[in-house]
Amino acid sequence: MASLTTKSTCCTIMLAMCCLMALFSCEHEISFDYPVSEKKVFFEGQVSNEGVFVRISETRPMTDSAKSLSISDAQVWIASDDGMEEQLYFDSRQQCFLSPSGLVGTEGRTYTMRAVVDGRQYEATSTMPPPAVVDSVFFRWVDVLQERIYFFCIMGIDAIPDSRNYYLCRLWRDGELFRWNPRSGRTSVNGAYEYDIICNSEKEIKDGVDEEGLIPLREGDIIHAEIISYERDCWEFFQSLFYGQSTTANPITNIKGGAQGIFMAANITRPEPVVFHRAVEE
């Protein structure tokens with residue numbers, strides 16, 4: 001496991017030095033502005049082992065600071081390859097479409113979302129993979145150049161050992177998304193994996209603010225992690241979103257019909273929460 005840990009940490013350090021961390025959640029309102037000349041329908045749809053939701057809104061130009069409102073008068077259906085189909089209803093409190101039967105996804109099933117918005121039809125399909133197995137989650141600090149950087153580490157077994165697997169790792173603090181990162185890879189040691197997510201530098205923690213003016217990790221913070229297993233096209237969406245934040249490019253989408261966004265069949269694993277404590281100098 002030592003060689004796997006070293007390789008993972010080195011790759012993460014390189015990523016940390018090249019990329020800015022950002023915030024995104026399929027379960028919260030999209031806060032990204034897409035530089036398009038005309039408005040487009042935007043989907044956030046998910047069938048998972050925890051339930052179903054579809055949120056529909058419109059893209060807006062970067063100069064528009066108005067809050068994006070959910071579209072409530074659409075028609076939305078979810079179907080699976082076993083013949084099941086049901087129409088979703090709009091929940092005004094959660095501002096999204098939900099399953100009237102409390103549908104939850106099943107591993108190996110293929111799900112199709114169909115929607116009609118202002119007379120225009122949209123569709124997307126996704127198959128639910130097996131979940132990742134998480135053995136342990138913990139914080140680690142690593143010296144990078146002259147800085148000490150804190151990472152959140154996740155160790156476990158891949159959903160499909162010896163194959164390329166695709167994950168979205170998200171960290172929550174006080175009910176708010178703290179960090180997120182799309183990951184993919186092929187394991188080499190009995191299906192074992194280790195993913196590191198950069199959090200903050202020691203200086204940011206001491207100063208109480210990070211480079212983006214956000215609150216960094218604090219002593220005693222409780223971090224809840226989730227590991228979402230999904231298909232490659234879903235990973236491509238989040239990957240393009242992650243790297244495209246500093247560009248004018250829209251993220252890759254799997255929605256057919258001219259819309260933006262993502263629909264995914266996802267398997268979610270939630271390990272036990274971790275309390276952050278600053279490491280003592282060795």
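Residues numbered from 1 in each chain as written. Predicted model: local features only at pLDDT ≥ 70, side-chain atom pairs only at ≥ 80, totals over all residues. Heavy atoms only, no water.

Draft legend 1. Molecular detail of the overall build of the chain. Tallying secondary structure elements over the chain gives three helices and 16 strands in all. Counting over 282 residues, the chain shows a buried share of 53%. Sequence separation of 24 or more characterises 65% of the internal contacts of the chain that already satisfy a separation of 6 or more. Counting only carbon and sulfur atoms, one obtains 51% of the accessible surface of the chain, whose full area is about 13600 Å². (Helix = DSSP H or I, 4+ residues; strand = E, 2+ residues; numbered from the N terminus. Buried < 20%, exposed > 50% of the residue type's maximum accessible area, 1.4 Å probe, protein only. Contact = heavy atoms within 4.5 Å. Areas by Shrake-Rupley, 256 points an atom, 1.4 Å probe, with all protein chains shown as cover.)

Draft legend 2. Structural context of the environment of glycine 175. Structurally, the position occupied by glycine 175 is in the loop between β11 (164-173) and β12 (176-186). Given the relative accessible area of 51%, glycine 175 is considered exposed. Counting along the chain gives 49 residues from glycine 175 to histidine 224, while the straight-line C-alpha distance between them is 8.8 Å.

Draft legend 3. Highlighting the packing of aromatic side chains. Inspection of the entire model under this criterion finds 13 aromatic pairs. When the ring of tyrosine 150 is compared with that of phenylalanine 276, the centres are 5.2 Å apart and the planes differ by 85°; the resulting orientation is edge-to-face. Of this pair, tyrosine 150 sits in strand β10 (residues 147-157) while phenylalanine 276 sits in the segment after β16 (274-275), and the two are 126 residues apart along the sequence. Comparing tyrosine 150 with phenylalanine 276 shows no difference in burial state: the two are buried. (Phe/Tyr/Trp six-rings, centres within 6.5 Å; stacked < 30°, edge-to-face > 60°.)

Draft legend 4. Representation of the nonpolar core in the model. Phe43, Ile56, Val76, Ile78 and Met113 are the most contacted members of the largest nonpolar core, which totals 24 residues. For this core, the secondary structure elements donating two or more residues are β1 (41-48), β2 (51-58), β3 (75-80), β7 (110-117), β8 (120-127) and β15 (260-269). Ranked by residues supplied to this core, first place goes to β7 with four residues. For methionine 113, the contacting residues outside a window of four places in its chain are Phe43, Val54, Val76, Trp77, Ile78, Tyr122, Glu123, Ala124, Ile255 and Phe263. The next biggest cluster of nonpolar side chains, apart from the first, holds 23 residues, and it includes Ala132, Val137, Ile154 and Cys169. (Core = buried A, V, L, I, M, F, W, Y, C linked by side-chain atoms within 4.5 Å.)

Draft legend 5. Geometry of the sheet that holds β10. Reading across the sheet, the three strands line up as β9-β10-β13 and stay open at both edges, with antiparallel pairing between neighbours. Pairing within the sheet leaves two strands with one partner each, and these edge strands are β9 (133-144) and β13 (192-201). Neighbour-to-neighbour, the strand axes of this sheet turn through a mean angle of 25°, independent of strand direction. Here β9 runs beside β10; their pairing, made up of 11 bridges, is antiparallel. Residue pairing for β10: phenylalanine 139 is matched across the bridge by phenylalanine 152. (Pairing = 2+ DSSP bridges. Axes fitted to C-alpha atoms, helices over the stretch in contact; angles between N-to-C directions.)

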